[in-house]
Amino acid sequence: MRRPVTAITRQVSASINNCELSFHARQPIDVAKAMAQHKAYEDCLAGLGVRIVSLPAEPELPDAVFVEDPAVVVDEVAVISIMGAPSRRPEASSLAEALSHYRPIKFLVEPATLDGGDVLRAGRFIFVGLSQRTNQEGIAQSSDMFRVYDYQVQSVEVRGCLHLKSACSYIGHDTVLVNRSLIDAERFRGFELVDVPDEEPAAANALLVQDVVIIPASFPKTRALLEQRGFRVQTIDLSELQKAEAGVTCTSIIFNHGATAVEDRGV
Ligand code: GLY
């Protein structure tokens with residue numbers, strides 16, 4: 001039996017066209033289409049048995065739909081971060097309030113910065129990206145918090161993309177989907193590595209839910225590769241939020257819920 005899983009999501013802000021962009025050129029986002037795609041994403045998770053807690057939009061905070069970034073949740077604790085982009089920091093308070101119903105809350109303190117997109121969990125291993133959003137102090141403070149609960153924490157330098165999980169994702173079965181040009185993949189020694197196809201360099205962001213790997217529909221070669229290797233894959237259309245530099249992990253914060261532990265999973 002699997003543990004019940006909860007996903008916190010947040011509705012798309014009407015102001016999303018003012019989102020932060022670091023590596024992408026700005027393109028107009030069709031807000032209605034983005035909202036419909038986000039609803040389909042929530043429906044996909046619900047179809048996999050995930051309980052959805054959907055928070056109302058934060059109209060003045062363009063990036064607030066990307067709930068992965070203000071917090072990192074593991075079984076024992078939720079760590080509320082100070083995000084690397086100052087414009088995004090007000091997103092944290094309502095998320096902390098929502099998470100306080102499920103986990104004890106701890107807070108990073110300045111001068112730490114950290115985005116949840118830079119934190120990859122694989123069982124008892126946690127990898128934290130050193131990126132343009134997450135600094136050494138953010139890595140140090142979060143590592144201290146996770147080590148209290150016996151996680152093995154390692155830092156990974158990220159280059160040429162927004163977050164660690166733009167470069168790699170844990171997809172179950174001790175396997176990491178990776179674009180090796182963006183990180184030093186040696187950090188994942190001991191894990192099986194699956195390289196994204198050359199034609200799909202942005203495909204390394206994948207969301208593991210139960211035993212299903214969710215990826216954007218825009219990466220068919222990655223889908224075929226994963227299916228050849230025996231993974232169960234579902235695709236979703238993420239075209240509008242991809243213009244805001246999003247991946248499939250960005251728009252939910254997923255955590256185990258309940259006491260019956262049988263299967264471990266990544267975050
Ligand atoms: N637009 C997502 C971010 O930059 O945080």
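Let us look at the structure shown here. (Residues numbered from 1 in each chain as written. Predicted model: local features only at pLDDT ≥ 70, side-chain atom pairs only at ≥ 80, totals over all residues. Heavy atoms only, no water.)

### Looking at the site of the ligand
The condition that has to hold: One heavy atom within 4 Å of a molecule or strand is enough for the residue carrying it to be called near that molecule or strand. For the purposes of these results, a polar contact is taken to be a pair of N or O atoms within 3.5 Å, where, inside protein, one atom must be able to donate a hydrogen and its partner to accept one; residues adjacent in sequence count only when each atom of the pair is a side-chain atom. Computed with the Shrake-Rupley method and a 1.4 Å probe, the accessible areas treat only the protein chains shown as cover for residues. Side-chain classes are defined by residue name, with Ala, Val, Leu, Ile, Met, Phe, Trp, Tyr, Cys and Pro counting as nonpolar, Asp, Glu, Lys and Arg as charged, and the others, Gly among them, as polar.
Taken together, the residues surrounding the ligand are Glu20, Asp63, Phe66, Arg88, Arg133, Leu162 and Ala244. The separation between a nitrogen atom of the ligand and a polar main-chain atom of Glu20 is 2.8 Å. The side chain of Arg133 places a nitrogen or oxygen atom 2.7 Å from an oxygen atom of the ligand. Against a free-state accessible area of 200 Å², the protein chains account for coverage of 98% of the ligand. For the shell around the ligand, the per-class residue count stands at three nonpolar, no polar and four charged.

### Describing the pattern of salt bridges
When the charged atoms of two side chains with opposite charge come close together, those side chains can pair. Put simply, the test is: A side-chain nitrogen of Lys or Arg and a carboxyl oxygen of Asp or Glu constitute a salt bridge if their distance falls within 4 Å. Only DSSP runs of H or I reaching four residues or more are called helices, and only runs of E reaching two or more are called strands; each is numbered from the N terminus. Each residue is assigned to one of three classes by its accessible area relative to the maximum for its type, calculated with a 1.4 Å probe on protein chains only: buried under 20%, partly exposed between the two thresholds, exposed over 50%.
Summed over the entire model, instances satisfying the criterion amount to 15 salt bridges. With a closest N to O distance of 3.1 Å, Arg133 and Asp115 form a salt bridge. Here Arg133 is found in the loop between strand 7 (125–130) and helix 3 (136–147), whereas its partner Asp115 is found in the loop between strand 5 (105–107) and strand 6 (119–122), with 18 residues between them in sequence. Both residues of the pair, Arg133 and Asp115, count as buried. Taken together, the salt bridges that share partners define one network made up of Lys33, Glu240 and Lys243.

### Side note on helix 2 (residues 92–99)
This is how the line gets drawn: The reported arc concerns the directions from the helix axis to the C-beta atoms and nothing else. The contact definition used throughout considers only heavy atoms, calling two residues in contact when any of these lie within 4.5 Å.
Every buried residue of helix 2 is listed here: Ala92, Leu95, Ala96, Ala98 and Leu99. The buried residues of helix 2 occupy an angular sector of 160 degrees when projected down its axis, which confines them to one face. Where the residues of helix 2 are buried, they touch strand 1 (5–10), strand 2 (51–55), strand 3 (71–73), strand 4 (78–80), strand 5 and strand 15 (253–256).

### Description of the sheet that holds strand 4
Operational definition: Only when DSSP finds a minimum of two bridges between them are two strands counted as paired. Every axis corresponds to a line fitted to the C-alpha atoms, with the helix fit spanning only the stretch in contact, and the corresponding angles, defined between N-to-C directions, vary from 0 to 180 degrees.
Spatial ordering of the open sheet is given by 3-4-5, a layout of three strands whose pairing is mixed. Either end of the sheet is taken by a strand with one partner, and the two such strands are strand 3 and strand 5. Pairs of neighbouring strands in the sheet enclose a mean axial angle of 20 degrees, with direction left out of account. In this sheet, strand 4 lies alongside strand 3 in antiparallel orientation, the contact comprising three bridges. Following the sheet pairing, Val73 is matched in strand 4 by Ala78. Helix 2 contacts strand 3, strand 4 and strand 5 of the sheet and is inclined by roughly 165 degrees relative to strand 4.

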